[in-house]
Structure formats: C-alpha cells, structure tokens
Amino acid sequence: MRDLVEIGMGRTARRAYGLDDVEIVPSRRTRSSSVVSTAWQIDAYRFDLPLITHPTDAIVSPGTAVAVGELGGLGVLNAEGLWARHANVEDAIFRLVRAAEDTEDPTAVVRVLQELHSAPIRLDLLTEAIKTVRESGVTVAARVSPQHAAELTPDLLAAGVEILVVQGTIISAEHVQRDAEPLDLKDFIGRLDVPVIAGGVSDYRTAMHLMRTGAAGVIVGHGATPGVTSTDRVLGIGVPMATAIIDAAAARRDYLDETGGRYVHVLADGGISTSGDIAKAIACGADAVMLGAPLAAASDAPGQGLYWTAAAAHPSLPRSRVAAGPDYAVDLKTLLFGPSSDAEGVVNLFGALRRAMAKTGYSDLKEFQRVGLTVRA
C-alpha cells in the first residue's frame, strides 16, 4: 500500500525517501571482497564498474572519457557541449574559472557558460572528439538532448558512437515541440542499430513508458547535487532518489514479465555524493550509477575545480549553478579504487561498493539488489 499522508483537506501526497533516509541491512553471510564482481552489461557492451559519467564538460573531455573506459566504466561525452562548439576548450574553461572568481556577481559564471553554448555546434569538432575516444578502443557514448536527438544522431553514429544517451532534465516517451514534429522515442529508437539510454524519470509510469519505447536503459533522477542543481527550486520538481529508483526497478520487473524476458537497465543519476550512496542506489535496484559531482575531485577533471550540469547553460532558464567542486584532488584511479586516507566515503568509491557487497554476503550486483533495507526513524 502506498504511504500517503494528508497535506490538507482533500489532498494527500505520497511519502518518498532519499538515499540518506535508508540504510543497508547486513545478512547472515559475509564473504571476501576479492570474490565480489561489480561487472554489468548493457546490450553487447560489458563494463567492470557500474559507472556511467554524467555527461557534463566539467568532468568529461575526450581524454577523461578514455580514462574512465580504461578503468572499467563508461564515459559519456556531451555532444552539445564545449568540445562540440569550441576549438580551444581550455580557453573557454579558463574564462569560466575567471568568472567564478567574481564574488560580487555570482551569476557571471552562468552567463559566460550560456554565451559559450550560444556558439553553433561544429560537426568537425564533434567528430574529432568522438574519434579520440573511438581510437582508444573503449566504448564510445555520447549524450544528446531530446530537442536535438533527431538532428545530431546520424552524425554521431557516423562518427562511431556505440551507445546513445538521450537525456533531459525530465524526459517523456514523446517530446512535443511547437511548430515542429514531436520526437517519438519509440520510432526513433526502433530505427537505430545502437542501444539507447533515455531519461531522466522519477516515477513508475514514465519509466514504464520509456521502457516500452525500446530503450536499453532508463536514467532515474535529474542529476540532483546539493549546492549545484536547482531543478526543485526553479521548477518545483523532484522525487527523492531511493523511492524513484525503487519505483523504476518495479517498472523494470513488470516490463520483464510483460515482454517475456526483455531486461531494461536502471541508471541512478542524482543524490549520490559518497560511496555509501552508490551502494544504496544499487541496493534500491539500480544497475549502475551516473556520477557527476563526485568525479569533479579527479585531478584531471577538465572543469579545473568547477562543476556544473548541462542544464546550467540553458539560454533562458538555467537549472544548475557553476559551483566549486570538492576541496581535495586525487587522480581518477585513486578516486575510484583507492587507497584512501579519507573516512567520509569520497575516495575509493568502488572499492567501498565491493566491500559493502562483501559485508552483506552478495557476490554480484544482481544479488545485491535484493539486500534488505531499513528506513531511518
């Protein structure tokens, strides 16, 4: 039964829970972390880590996409970002860093980001960025918005993109535009030969609709990061992540039954700051996590200490700040695998996931999705 509370006469609301509200319950068995597997597979592509990067220029350059791939994850380029618009991205980011130092005008850095994104997308630059990733031998993934998916996808596929991510703050099975043909995701995905990941969503019904379009993966959440994203403040929209993930996982289960065996992956994007949050997201039913702000601590992150999401560059209604990243910096490999001398769960992110799985007696991610959970009083 849904947990409804009365919020006024004749109006009820569902109680929902964030990752901070739940805890993982140990089982009667433990095992060595050396026998734990964090591998997963989407379509024909296998990864050693349940990690997809949030597609922001703050953490993903062609070079870092390669590095993430070589370490076992999936780096996702933003096909509408700076590497697709500017020949010298280092200069563009330097402008952002300078603007962020203007303490008297906190909106200056967002205005610079909007200006940088007003430059047209250049297919030669986009193709070159994708080529860098493709020639390394790692899986090539790129993100497009629903508004530009039909326009950009043919060129992305021609350049070598192997997994397409169609991501907006909120996405539906049919994106309607004034004076334009709607993006019918079912028709769009049906004409492609590559797996498509789509989102974000926050409820069972929308997750189910996206699964029925043929998407190989559904992104759950809006990339929410405290102090960075502002979708709840700007649009008033948001669902706490534990509930959102569990609802999408229920849609995945029902869709699996409906189709007689087609499994759609659930990817958690938002509300994840620590290794404990990663473990809880998987425990709630996610197959992988889409990390953004936690990766800004990587010393080779292109944002040079700044973090933002693609929504920050919206020309009329930005829904993300350009914020200072973590006040520590480590190399990407250490960030993901340690060793760590930090006790706050912000370094050795996936070593900690393996330890959480081992401490609760589970040997792989699918098993760990069945771990017990409690809600904080």
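Look a little higher up for the structure.
Quick caveat, the model's predicted, so the values are computed rather than measured.

Asker: Tell me about the overall build of the protein chain, and name the residues and values.
Answerer: Per the secondary structure count, the protein chain includes 13 helices and 18 strands. Relative to the globule expectation of 21 Å for 377 residues, the C-alpha radius of gyration of the protein chain, 20 Å, shows essentially globular dimensions. Principal-axis analysis of the C-alpha atoms gives the protein chain an extent of 55 × 50 × 45 Å. Evaluated residue by residue, the protein chain yields a buried proportion of 53% over its 377 residues. Counting only contacts in the protein chain whose residues sit at least 6 apart along the sequence, the fraction spanning at least 24 positions is 67%. Computed over 35 positive and 45 negative side-chain charges, the separation of the two mean positions in the protein chain equals 7 Å.

Asker: Quick one: what's the story with the side chain of S61, residue by residue and with numbers?
Answerer: Among the structural elements, S61 can be located in the loop between β6 (51-53) and α1 (62-70). Overall, the relative accessible area of 11% leaves S61 in the buried class. Contacts of S61, omitting those with residues within four sequence positions, involve L77, W83 and P302.

Asker: Go over the pattern of salt bridges, please, and point to the residues and values.
Answerer: In this structure the tally under the stated criterion is 13 salt bridges. For the salt bridge of R122 with D124, the shortest nitrogen-to-oxygen distance reads 2.8 Å.

Asker: Residues and numbers for the pairing of strand β9 (residues 163-167), please.
Answerer: Regular strands have side chains that alternate between both faces of the sheet. Across the five residues that make up β9, a large majority, five, are buried. Along β9, one buried face is formed by I163, V165 and Q167 and the opposite face, lined by L164 and V166, is buried too. Relative to β9, strand β8 (residues 141-144) runs parallel, the two sharing four bridges. Following the sheet pairing, R143 is matched in β9 by V165. Following the backbone out of β8, through helix α5 (residues 149-159) and into the adjacent parallel β9, one traces a crossover that is right-handed.

Asker: Talk me through a nonpolar patch on the surface; I want residue IDs and the actual numbers.
Answerer: Where nonpolar side chains cluster on the molecular surface, the patch consists of V234, L235, I237 and L317 and spans about 280 Å² of accessible area. Structurally, the position occupied by I237 is in the loop between α8 (231-235) and α9 (241-259). Overall, I237 belongs to the partly exposed group, its relative accessible area being 35%.

Asker: Could you give an account of the packing of aromatic side chains, naming the residues involved and the relevant values?
Answerer: Within this structure, the stated rule accounts for two aromatic pairs. Judged by centre distance (5.6 Å) and plane angle (35 degrees), the ring pair of W40 and F47 falls under tilted. Taking the centre distance of 6.0 Å and the plane angle of 65 degrees together, the rings of Y362 and F368 count as edge-to-face. Residues Y362 and F368 agree in their burial class; the two are buried.

Asker: Can you lay out the nonpolar core for me, pointing to particular residues and giving the numbers?
Answerer: Ranked by internal contacts, the top residues of the largest apolar core, which has 120 residues, are L156, I245 and F350. If near-sequence neighbours (up to four positions away) are discounted, I245 is found in contact with L19, V220, V266, A268, A281, C284, G285 and A286.

Asker: An account of the environment of V68 is needed here, citing residue identities and associated values.
Answerer: On the secondary structure map, V68 appears in helix α1. Linking V68 and T53, residues 15 residues apart in sequence, is a C-alpha distance of 8.3 Å. Not counting chain neighbours up to four residues away, the residues in contact with V68 comprise L51, T53, G73, L74, G75 and L332.

Asker: Got a sec to walk through α1? Specific residues and values, please.
Answerer: Looking only at α1, the buried set comprises P62, T64, A65, V66, V68 and G69. The secondary structure elements touched by the buried residues of α1 are β6, β7 (76-78), α4 (123-136) and α11 (332-337).

Asker: Tell me about the packing of helix α2 (residues 89-100) against helix α3 (residues 108-117), and please be specific about residues and values.
Answerer: In a pair of packed helices, the angle between the axes and the distance between the axes together describe the arrangement. Two elements in contact, α2 and α3, have axes whose closest approach is 8 Å; the angle formed by their N-to-C orientations is 160 degrees. The angle between the axes of α2 and α3 places the two elements in the roughly antiparallel class. Considering how the two elements wind past one another, α2 and α3 form a crossing that is right-handed. Of the residues in α3, those in contact with A92, R95, L96, A99 and A100 of α2 are A108, V109, V112, L113, E115 and L116.

Asker: So, unusual backbone geometry: which residues are in play, and what are the values?
Answerer: Residue G199 is joined to G200 through a cis peptide bond whose omega torsion reads 15 degrees. The residue G200 is located in strand β12 (residues 196-201) in this model. For the bond from G338 to P339, the omega torsion is 10 degrees, close enough to zero to count as cis. Within the secondary structure layout, P339 lies in the loop between α11 and α12 (349-359). Of note, the phi angle at N348 is positive, near 65 degrees, even though the residue is not glycine.

Asker: Can you break down α2 residue by residue, with the values?
Answerer: Across its 12 residues, α2 extends 16 Å between first and last C-alpha, which sits within 8% of the 16 Å expected from 1.5 Å per residue. Packed against the buried residues of α2 are α3 and β16 (306-307).

Asker: Any chance you could break down the environment of V66 for me, citing the residues and the numbers?
Answerer: Relative to the elements of secondary structure, V66 occurs in helix α1. Look at V66 and you get buried, because its relative accessible area is 11%. Placed 72 residues apart in sequence, V66 and V138 show a C-alpha to C-alpha distance of 6.4 Å. Look past the residues within four positions of V66 in its chain and what remains in contact with it is T132, V133, S136 and V138.

Rules used throughout
- Residues take numbers from 1 onward in each chain, read along the sequence in its written order.
- Residue-level local features of this predicted model are given only where pLDDT is at least 70; pairs of side-chain atoms are given and counted only at 80 or more, and the full residue set underlies all totals for whole chains, interfaces and linings.
- Side-chain numbers come from the whole structure's heavy atoms, not from hydrogens or water.
- Numbered from the N terminus, helices here are DSSP runs of H or I no shorter than four residues, and strands are runs of E no shorter than two.
- This radius of gyration counts C-alpha atoms alone. The globule rule is 2.2 Å times how many residues there are, raised to the power 0.38.
- Exposure is judged per residue with a 1.4 Å probe applied to protein chains only, and the accessible area is read against the type maximum: over 50% gives exposed, under 20% gives buried, and values in between give partly exposed.
- Contacts are residue-level and defined by heavy atoms, with any inter-residue pair within 4.5 Å sufficient.
- Think of it this way: Lys and Arg go in the positive column, Asp and Glu in the negative one, and His and the chain ends go nowhere.
- By convention, the point assigned to a charge is CZ for Arg, NZ for Lys, CD for Glu and CG for Asp.
- Within this document, salt bridges are pairs made up of a side-chain nitrogen of Lys or Arg and a carboxyl oxygen of Asp or Glu, the two lying within 4 Å of each other.
- Two strands qualify as a pair provided that DSSP identifies no fewer than 2 bridges between them.
- Note on handedness: a clockwise path from strand one over the helix to strand two, with the strands aimed away from the viewer, defines a right-handed crossover.
- Patch membership needs two things, relative accessible area over 30% and no salt bridge, and members are linked within 9 Å if like-charged or within 5 Å if nonpolar (Val, Leu, Ile, Met, Phe, Trp, Tyr).
- Every accessible area reported is derived by Shrake-Rupley at a probe size of 1.4 Å, with residue values counting cover from the shown protein chains alone.
- The pairing test for Phe, Tyr and Trp rings, Trp by its six-membered ring, is centres within 6.5 Å, and the orientation test on the planes gives stacked under 30 degrees, edge-to-face over 60, and tilted for anything in between.
- Buried Ala, Val, Leu, Ile, Met, Phe, Trp, Tyr and Cys residues form a nonpolar core when they are joined through side-chain atoms within 4.5 Å.
- Axis angles are defined between N-to-C directions and span 0 to 180 degrees, where every axis is a line fitted to C-alpha atoms and, for a helix, only to the segment in contact.
- Should an angle fall under 35 degrees it is called roughly parallel, over 145 degrees roughly antiparallel, and 65 to 115 degrees roughly perpendicular, with every other angle called oblique.
- Crossing handedness: left-handed means the near helix sits turned counterclockwise from the far one by under a right angle, and right-handed means the same turn made clockwise.
- What a helix is expected to span follows from its residue count: subtract one and scale by 1.5 Å.

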